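# Chains, contacts and geometry: an overview
Listed below, chain by chain, are the residues.
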Number of protein chains: 2
Amino acid sequence: MKLVLLSGGSGKRLWPLSNEARSKQFLRILHNPDGKRESMIQRIWRQLNANPVSDEVYISASPKHAELIQKQLGNKVCLITEPEARDTFPAIALLSAYFHSELAVDPGEVVTVMPVDPYVGDSFFTVIKQLEQALTLSQADLALVGVAPTYPSTKYGYIIPAAGGAGGNAGQPFQKVIGFKEKPSEREARELIARQALWNCGVFSFRLGYMLEELEKRGWPSDYLRLLPLYRELPSISFDYEVVEKAERVVVIPYDGEWKDLGTWNTLTEEMGARETGDRILAEKCANTHIINELDLPVVAIGLSDLVVAASPDGILVSRKSLSHLVKQVTKDVRQRPMFEERRWGSYRVLHRQEDGENREVLTKALHLQAGKNISYQYHRNRSEVWVITAGEGELVLNDQIRRVRPGDVAKIPAGAKHAIKAITDLDIIEVQMGSNLEEKDIVRLAESWEEIRGAENPG
Amino acid sequence: MKLVLLSGGSGKRLWPLSNEARSKQFLRILHNPDGKRESMIQRIWRQLNANPVSDEVYISASPKHAELIQKQLGNKVCLITEPEARDTFPAIALLSAYFHSELAVDPGEVVTVMPVDPYVGDSFFTVIKQLEQALTLSQADLALVGVAPTYPSTKYGYIIPAAGGAGGNAGQPFQKVIGFKEKPSEREARELIARQALWNCGVFSFRLGYMLEELEKRGWPSDYLRLLPLYRELPSISFDYEVVEKAERVVVIPYDGEWKDLGTWNTLTEEMGARETGDRILAEKCANTHIINELDLPVVAIGLSDLVVAASPDGILVSRKSLSHLVKQVTKDVRQRPMFEERRWGSYRVLHRQEDGENREVLTKALHLQAGKNISYQYHRNRSEVWVITAGEGELVLNDQIRRVRPGDVAKIPAGAKHAIKAITDLDIIEVQMGSNLEEKDIVRLAESWEEIRGAENPG
């Protein structure tokens, strides 16, 4: 069985901690059993290592998250990148084609996909391991995991099993599925629960050949290299709507352990180990209030009840917990560049922005490079940069000249000048960018590895 | 009559907007009739210009606020500086000695002192104008203004007039005072109000000679140059306790117009013109909630009631309004340098601080110099600086060398190097300080005026 974790997810539901560059699954706001901070994707990864369900685990993700995934999970992760985030049907179509034509996977092989960010207990993975056998025994096209509802939620989708519990499959854990209901009213939800309906948690298992046939039926190629250029034309629709709800033979395995969709501050804060995170919090007379502070400023909370306060370089949220699901909607007009990003080489934070009204902009950043890592050899068309080394030691390449840099050293980098830097020890830099197009995309990358950078420019 | 505005006030009651360098009276959080932002001191100054009560108005203030007062009120302000903030008795003692021996003011001249930060209607100044005549007609030592209470407050001091209203002074607005009561219980406050008691709003009128006698009685010199070196030995006590409550002949003029002590976020927000100030606020389903945002970040508020959210470079406060008086107490452990200061030459903001654990520190600041202003010629013992010019044009002096600087120019300023800069047009600089003692006091100032700086170094 091949297991694929789908790393989609909105950048705005956990604003201001999440943004375009740092979706919620990458936020280090949970705690592992040792009390260390971990992200949702790190939690799932840790659980999968402790409860292996497959030797072959892949992550389907946006290429812009590739660096971050490698940083959080290590370099051994197998990534299948999507050209852009669309929805789960295009993502699963593409990864199926990839397995088929690139990896030559047998059409009889079982593929299981699941979201990267459910908050589950370890027994969830035991259920996932049963999916392959359920497909075999039931001869179904699809096998799902259904979560036993804990309340009549109106925001989830429900999987309706055939009457009679295990559906006649005596001794087997799976049940035949006879229907689906998305986001029912509360009254409908109560009726569904009375009928043993289960929450759809986005875990789907199928034989690769089934998905290839589904592609062919719709007129899409099952060859990866032919499908890839058509990716943007695939309908932006969920796998549930496009495939599962139309399938004839579907079974479900119930899971009655812990499961949470940590999609809003309200649900997330319930799982945050400590009541507060972040430095220099001073709280007085507060009840059921969480403070998540990523800024280098003290947060003082006095007399708060049932609130979440989240502060990051992107902004400050103060929300009643029960209304925190509105944050995505409310912040839809907040258009700004991400103010904090984790990168392959470390991370940066925007400290200051200034515009002069004539399309000139100044951006001051604090960069942190991890020892041994380097920024690629690059130049910018429309901006100049000044680097002030403030801590650590590094090796700087500027227009093919190599020199050692230490705290207090300054590099002036005019537009067009080729530059790169490698951290010998952990390296901190204050960067001042000046120009007319201060976006990340104004980068012409010349070389990535330090050997290449030094070798190309200094062959001796 | 000489009018003196006492500019004392705590730096912590309106945290995080107020700090050591920027007391509450200087915060531009009110609005003038044209809708422009103004501070409490600017509001009083504007009202005094529209309703003059004296040709001679002085401000008694800490020398560290001198630059800020001149910046907010202009250079024509007459300042009497106190060596340190103690309390109102030392402040009034010192200014009386100053009038006596430095300005040779006649002992029969009336001096009126008042706080710089009451929120009052224009008729307040009409009452102040009547104080001199009240002193003359009553032959009293002190004439006060008493505010007609609007509720039985337990946090103010009460002035108790003689029974029988105007105290026998038929046709005169003043009443004889027979006692005082500080911070009564609510029951006592109700009884006081039934006896026509008034709130003490800190306005005191006396003949200069009276105060000089009070000093002599206590063994303090009435000569300014002799009193000044003893200032720190004067008891740190209020003028009310030390003088007013012990005086035999005191009268009060009632004032029944608008008066507010904008000392807490709770009272202040009632007078803030707009519900919110600051950029990029997104509020949803909020009631009786004020957001004051001085950061360059969006603040999103969802479902809040009766809260104040205040964000500045010094920190973030989220407080139930009715508990906002706790902020001074809660933040007493927040020990940090001010992150934003207004200066004679402009302002600066700390963008980033970094410590390496070995007493080395890095501080990144954004400086803004107003056109025509300059930073004094100075050097630092324990820190080096890098200046990156990001907007405007300036003239830089570095170790006696003068040069023009423009955006993109960089100056490296080692420890011990003499440096100054003048803004030709409005000038923005990113400054990176590195060293072991990044406090403002590590400055050796060599010259202040640009003529002097250029003349001394470049005599030609």
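Criteria and cut-off values
- Residues numbered from 1 in each chain as written.
- Chains lettered and ligands numbered in written order.
- Predicted model: local features only at pLDDT ≥ 70, side-chain atom pairs only at ≥ 80, totals over all residues.
- Heavy atoms only, no water.
- Helix = DSSP H or I, 4+ residues; strand = E, 2+ residues; numbered from the N terminus.
- Rg over C-alpha atoms; globule rule 2.2 N^0.38 Å.
- Buried < 20%, exposed > 50% of the residue type's maximum accessible area, 1.4 Å probe, protein only.
- Areas by Shrake-Rupley, 256 points an atom, 1.4 Å probe, with all protein chains shown as cover.
- Lys, Arg positive; Asp, Glu negative; His and termini not counted.
- Charge placed at Lys NZ, Arg CZ, Asp CG, Glu CD.
- Pairing = 2+ DSSP bridges.
- Axes fitted to C-alpha atoms, helices over the stretch in contact; angles between N-to-C directions.
- Left-handed = near helix turned anticlockwise from the far one by under 90°.
- Contact = heavy atoms within 4.5 Å.
- Nonpolar A, V, L, I, M, F, W, Y, C, P; charged D, E, K, R; others polar.
- pLDDT = per-residue confidence, 0-100.
- Buried area = accessible area lost by both parts, 1.4 Å probe.
- Salt bridge = Lys/Arg side-chain N within 4 Å of Asp/Glu carboxyl O.
- Polar contact = N/O pair within 3.5 Å; in protein donor to acceptor, adjacent residues only side chain to side chain.
- Least-squares fit on C-alpha atoms with pLDDT ≥ 70 in both.

Now for the overall build of chain A. Secondary structure assignment for chain A yields 12 helices and 30 strands. Relative to the globule expectation of 23 Å for 460 residues, the C-alpha radius of gyration of chain A, 25 Å, shows essentially globular dimensions. With the principal axes as the frame, chain A shows a C-alpha extent of 75 × 60 × 45 Å. In chain A, buried positions account for 57% of the 460 residues. Counting every atom, chain A has about 18,800 Å² of accessible surface; 45% of that belongs to carbon and sulfur. If the 57 positive side-chain charges of chain A are averaged to one point and the 63 negative ones to another, these points end up 3 Å apart.

All names here are of chain B. If you trace the 5 strands from one edge of the open sheet to the other, you get 26-25-28-23-30, paired in antiparallel fashion. With one partner strand each, in any of the chains shown, strand 26 (401-405) and strand 30 (444-447) form the two edges of the open sheet. Strand-to-strand twist across the sheet, computed as the mean angle between neighbouring axes with direction ignored, equals 25 degrees. Two elements, strand 23 (residues 374-379) and strand 28 (residues 419-423), share 3 bridges in a ladder whose sense is antiparallel. Each bridged residue has a counterpart across the sheet, and for I375 the counterpart in strand 28 is I421.

Moving on to the packing of helix 3 (residues 88-102) of chain B against helix 7 (residues 208-217) of chain B. Residue and element names in this part refer to chain B. The geometry of helix 3 relative to helix 7 is characterised by a closest axis approach of 10 Å and an angle of 115 degrees between their N-to-C directions. In terms of crossing hand, the pair formed by helix 3 and helix 7 is left-handed. Facing F89, I92, A93, S96, F99 and H100 of helix 3, the residues of helix 7 in contact are L208, M211, L212 and L215. Among the residues forming the contact of helix 3 with helix 7, the class breakdown is 8 nonpolar, 2 polar and no charged.

Attention shifts here to the confidence of the model for chain A. Residues and elements named next belong to chain A. Here chain A shows a mean pLDDT of 90. Residues at 70 or above account for 94%. Element-level pLDDT for chain A is lowest in strand 14 (residues 276-278), with a mean of 65, against a maximum mean of 98 in strand 8 (residues 142-147). As a predicted assembly, this complex carries a pTM of 0.79 together with an ipTM value of 0.78.

This paragraph deals with the interface of chain B and chain A. Of the residues lining the interface, 56 residues belong to chain B; the matching set on chain A comes to 56 residues. Interface area for chain B against chain A, summed over the two sides, is near 4,600 Å², with a carbon-plus-sulfur share of 68%. Of all residues in chain B, I302(B), I316(B) and V318(B) give up the largest surface area on contact with chain A, accounting jointly for 14% of the area buried on that side. In this assembly, chain B and chain A are joined by 2 salt bridges. The residue R353(A) makes a salt bridge to D296(B) at a minimum N-O spacing of 3.5 Å. For the pair chain B and chain A, the interface holds 18 residue pairs in polar contact (both at pLDDT 80 or more).

Let us now look at the relation of the copies chain B and chain A. With an axial shift of 0.0 Å and an RMSD of 0.2 Å, the rotation relating chain B to chain A amounts to 179 degrees. What the rotation and shift describe, once combined, is the action of a two-fold rotation axis. When C-alpha positions in chain B are compared against the rotation axis, the closest is assigned to L351(B), at 2.9 Å. A shared interface surface links the copies, since 100% of the contact residues of chain B are contact residues in chain A too.

A pair can form between side chains of opposite charge whenever their charged atoms are brought close. Residues and elements named next belong to chain A. Summed over all chains, the structure comprises 52 salt bridges over all chains. Between R249 and D141 there is a salt bridge, with the nearest N and O atoms lying 2.9 Å from each other. A residue pair is termed long-range when its members are at least 10 positions apart, and R249 in the loop between helix 9 (239-242) and strand 12 (250-255) and D141 in the loop between helix 5 (131-138) and strand 8 qualify at 108 residues. In this structure R249 comes out as partly exposed when scored by relative accessible area, which is 46%.

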